[in-house]
Amino acid sequence: MDVDLRKLRYFVAVAEHLHFGRAAEELHIAQPVLSRQIRALEGELKVSLLVRDRRSTALTPAGEQVLADARPLLAAAEAMRRRAARAARGTDVFTVGFMPGLIVTGPVRELARRHPGLDIEVLRTGWDDQVDVLHDGRADVGYVRLPVDERGLTVRPLLSEPRVVVLPVTHRLAGKDGVDLADLAGERLLQDPAAVPEWPVRAPGQGQRSLPALRTVEEKLHHVAAGHGVVVLPLSTATFYACRDVTHLPVRGLGPNQVCLAWPADRDSALIEEFAAIALRNG
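First, a word on what this report is: a plain description of the structure on this page. Fair warning: this is a prediction, and the values are worked out from it, not measured in the lab.

Among the nonpolar cores identified, the biggest contains 22 residues, and F94, V96, L111, V141, Y143, L261 and F275 are the most heavily contacted of them. Of all the secondary structure elements, the ones that give two or more residues to this core are strand 3 (93-98), helix 5 (105-114), strand 5 (141-145), strand 11 (257-264) and helix 9 (270-282). With 6 residues, the top contributor of residues to this core is helix 9. Judged by nonpolar contacts, the second largest core, of 20 residues, contains L8, A23, I38 and L49.

What follows is the structure, encoded as structure tokens:
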């Protein structure tokens with residue numbers, strides 16, 4: 001059976017929103033058309049993917065499995081499209097993704113010196129897309145900060161660095177030489193808790209207004225400065241985004257952040273291997 005990638009893309013949109021109207025708006029198609037495409041996909045797969053009533057939409061076990069399988073399929077298809085377009089233009093481009101606070105200048109310059117005709121680009125990534133840019137072909141390699149989903153990737157450790165807590169300058173702990181994790185118990189963490197598994201106690205939500213999902217470091221620091229909570233960042237990131245309204249402190253008991261070089265495991269590229277060797281040597 002041939003799977004229609006367009007139908008899979010439609011299904012992923014519905015599965016992520018769990019709302020046909022919002023998914024249709026994102027896809028720029030009419031909601032009845034989207035509903036027909038999902039029913040057609042279910043007919044092709046001979047399974048029910050969604051349970052839908054007037055109030056809610058939920059994934060079935062089969063839907064959860066298809067969602068897990070569809071994302072890498074769609075990313076691989078997009079990566080193939082990007083590489084094919086690049087080859088058709090006759091351009092030789094190598095793109096390096098990097099997280100804020102990380103310096104990639106040295107390895108990039110060395111690769112450029114070795115390959116004068118190569119067009120090397122750099123792409124700044126965030127916590128939410130540092131792996132996506134590798135899977136969908138926007139970047140050939142990426143400097144990533146763990147934890148990430150390593151499935152489908154080759155990942156090699158480069159370096160580790162301390163993490164710090166970022167607080168408002170008016171915070172009760174500001175000005176100290178350092179703090180213990182226990183000192184932060186009850187503080188509101190303005191990021192995905194999975195990124196800071198050591199965090200001691202989650203602050204109760206009662207009495208706190210809900211915040212939108214904070215995607216960028218700039219957004220998080222804005223809310224820290226406003227007194228809405230705290231964030232934990234690698235030291236280089238906190239230093240890179242230094243501003244007068246926030247401060248950062250070392251945290252005893254908080255492990256370092258691991259920085260790795262990553263690329264798609266199915267990419268057989270001498271250029272990637274060469275860049276990896278340069279990056280590993282530079283640390």
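Taken in spatial order, the 4 strands line up as 8-10-7-9 in an open sheet, and their pairing is mixed. Of all strands in the sheet, those with a lone pairing partner are strand 8 (179-180) and strand 9 (231-234), marking the two edges. Pairing of strand 7 (residues 163-168) with strand 10 (residues 246-252) involves 5 bridges; the strand directions are antiparallel. Bridged to V166 within strand 10 is H248. Here helix 7 (residues 217-225) sits on the sheet and contacts strand 7, strand 9 and strand 10; the angle it forms with strand 9, its principal contact strand, is near 135 degrees.

Moving on, we come to the packing of helix 5 against helix 9. As a packed pair, helix 5 and helix 9 sit with axes 9 Å apart at the nearest point and diverge in direction by 135 degrees. Here helix 5 is positioned oblique relative to helix 9, judged by the angle of their axes. Where helix 5 crosses over helix 9, the two elements pack in a sense that is right-handed. Note on element contacts: helix 9 touches helix 5 through L271, E274, F275, I278, A279, R281 and N282, opposite P107, V108, E110, L111 and R114. When grouped by side-chain class, the residues that make up the contact of helix 5 with helix 9 number 7 nonpolar, 1 polar and 4 charged.

With that settled, consider the side chain of T95. If you trace the backbone, T95 turns up in strand 3. According to the relative accessible area criterion, T95 is buried, its value standing at 5%. For T95, the residues in contact, after removing those within four places along its chain, are R86, E121, L123, R138, A139, D140 and V141.

Once their charged atoms are close, side chains differing in charge can pair, the charge on each being opposite to the other. Per the counting criterion, the structure on display carries 16 salt bridges. A salt bridge links R145 to E161; the nearest nitrogen and oxygen atoms lie 2.7 Å apart. Separated by 16 residues along the polypeptide, R145 in strand 5 and E161 in strand 6 (residues 153-161) bring together distant segments of the chain. E161 matches R145 in its accessibility class, with the two residues each being buried. The salt bridge involving R172 is made with E187; its shortest N-O contact spans 3.1 Å. Here the residue R172 occupies a position in the loop between strand 7 and strand 8, and E187 occupies one in the loop between strand 8 and helix 7, the gap between them amounting to 15 residues. By relative accessible area, R172 is classed as exposed at 56%. Here the salt bridges share partners, and the residues they tie into one network are E110, R113, R114 and E274.

Counted by the stated rule, this structure contains 3 aromatic pairs. Look at Y143 and F275: their rings are 6.3 Å apart centre to centre, the planes differ by 80 degrees, and that puts the pair in the edge-to-face class. In this pair, Y143 is assigned in strand 5 and F275 in helix 9, connecting sequence segments 132 residues apart. For the pair Y143 and F275, a shared accessibility class is recorded, and that class is buried. A ring pair is formed by F240 and Y241, whose centres lie 4.9 Å apart and whose planes are at 80 degrees; its orientation type is edge-to-face.

Where helix 2 (residues 20-27) meets helix 3 (residues 31-45), the axes come as close as 9 Å, and the angle between the chain directions of the two elements is 100 degrees. Classified by the angle between their axes, helix 2 and helix 3 sit roughly perpendicular to one another. Each of F20, G21, A23, A24 and L27 in helix 2 lies in contact with helix 3, whose residues at this interface are Q31, L34, S35 and I38. Among the residues forming the contact of helix 2 with helix 3, the class breakdown is 6 nonpolar, 3 polar and no charged.

Moving on, we come to the sheet that holds strand 4 (residues 119-124). Strand order across the open sheet formed by 5 strands is 4-3-5-11-6, with mixed pairing between neighbours. The outermost strands of the open sheet, each flanked by one partner alone, are strand 4 and strand 6. Taking each pair of neighbouring strands and ignoring which way they run, the sheet shows an average axis angle of 20 degrees. Bridge count for strand 3 against strand 5 is 3 bridges, and the pairing is parallel. Bridge pairing links G97 to G142 in strand 5.

So, how was this worked out
- Residues numbered from 1 in each chain as written.
- Predicted model: local features only at pLDDT ≥ 70, side-chain atom pairs only at ≥ 80, totals over all residues.
- Heavy atoms only, no water.
- Core = buried A, V, L, I, M, F, W, Y, C linked by side-chain atoms within 4.5 Å.
- Buried < 20%, exposed > 50% of the residue type's maximum accessible area, 1.4 Å probe, protein only.
- Helix = DSSP H or I, 4+ residues; strand = E, 2+ residues; numbered from the N terminus.
- Pairing = 2+ DSSP bridges.
- Contact = heavy atoms within 4.5 Å.
- Axes fitted to C-alpha atoms, helices over the stretch in contact; angles between N-to-C directions.
- Parallel < 35°, antiparallel > 145°, perpendicular 65-115°, else oblique.
- Left-handed = near helix turned anticlockwise from the far one by under 90°.
- Nonpolar A, V, L, I, M, F, W, Y, C, P; charged D, E, K, R; others polar.
- Salt bridge = Lys/Arg side-chain N within 4 Å of Asp/Glu carboxyl O.
- Phe/Tyr/Trp six-rings, centres within 6.5 Å; stacked < 30°, edge-to-face > 60°.

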